[in-house]
Amino acid sequence: MIVFREEQRFTQWWLWLILLALAVIPLFGIYEQIIHGRQFGDKPMSDSGLILFAVFIFGLISLMFFMKLKTEVNSSGIKMSFSPFVKKNISWTDIKSAKIVSYEFVGYGIRFGSSYGTVYNTKGDIGLAIETMSGERFVIGTQKQDELHKIIQKYFIITDFPVEQKNDTL
């Protein structure tokens, strides 16, 4: 039985504005070059190159639209998927530590090399930092940190809450 579930998507208005503005470029290029027969730009692409570029841009936008970060917690462990890239299923016995942290803004998507390991994030800077018994470290971003903390605490002892602040001062 699932006791916690969270699904997050990229919902930032400014991100979608940038992506839609990016989509206008190949559409305008196709309109100018293929429909009206006027070269698009100083060094225009071939018509097929322009179409391939448009397909690439719309593929990127579609990917962003369908990406989601899903977290589920139940009595056996934590399941996380960042569709369509990563799926993790961690049992409670495989978890060495779990705590809610503020990891500072590292960008969106999958970010490697933070002090907490790999970060899976769609928005914000708070997440569940997990270290497994094998030494793997990662953070699952959350917008429901209070609820997630209560559920995790039920199955695993968390000592640092409400949020561990990252301190980079020497």
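See above for the structure.
Bear in mind that the values here come from a model prediction, so they are computed numbers and not experimental data. Within each chain, residue numbers correspond to sequence positions counted from 1 in written order. A pLDDT threshold of at least 70 governs which residues receive local features in this predicted model, and a stricter bar of 80 or more applies before side-chain atom pairs are shown or counted, although totals over entire chains, interfaces and linings include all residues. Here the side-chain values reflect all heavy atoms present in the structure, with hydrogen atoms and water set aside.

(A) Summary view of the pattern of salt bridges. Salt bridge, as applied in this entry: a Lys or Arg side-chain nitrogen positioned within 4 Å of an Asp or Glu carboxyl oxygen. In the structure shown here, the tally under the stated rule is seven salt bridges. Between K70 and E72 there is a salt bridge, and its shortest N-O distance comes to 3.7 Å. Note on classification: 1.4 Å probe, protein chains only; a residue is buried when its accessible area is under 20% of the maximum for its type, exposed when over 50%, partly exposed between these limits. Taking the relative accessible area as the measure of exposure, E72 reaches 11% and is therefore buried. The shortest N-O distance in the salt bridge between E131 and K96 comes to 3.9 Å. With E131 in strand 8 (residues 126-132) and K96 in strand 5 (residues 95-102), this pair connects stretches of sequence that are 35 residues apart. On the accessibility criterion, K96 (52% relative accessible area) is exposed. Working definition: helices are DSSP H or I runs of at least four residues, strands are E runs of at least two. Numbering for both runs from the N terminus.

(B) The packing of aromatic side chains, seen in detail. Only centres within 6.5 Å qualify two rings of Phe, Tyr or Trp (six-membered ring in Trp) as a pair; their planes then separate them into stacked at under 30 degrees, edge-to-face at over 60, and tilted for everything else. Inspection of the entire model under this criterion finds six aromatic pairs. Look at F65 and F66: their rings are 5.1 Å apart centre to centre, the planes differ by 85°, and that puts the pair in the edge-to-face class. Across this residue pair, the class does not change: F65 and F66 are exposed. A centroid spacing of 6.4 Å and a plane angle of 90° characterise the contact between F82 and Y120, whose relative ring orientation is edge-to-face. Of the two residues, F82 sits in strand 3 (residues 77-83) while Y120 sits in strand 7 (residues 117-121), which places them 38 residues apart along the sequence. For F82, a relative accessible area of 0% puts it in the buried group. One aromatic cluster is present, formed by F10, F82, Y120 and F138 through successive ring pairs.

Distances and angles like these do not, on their own, reveal function.
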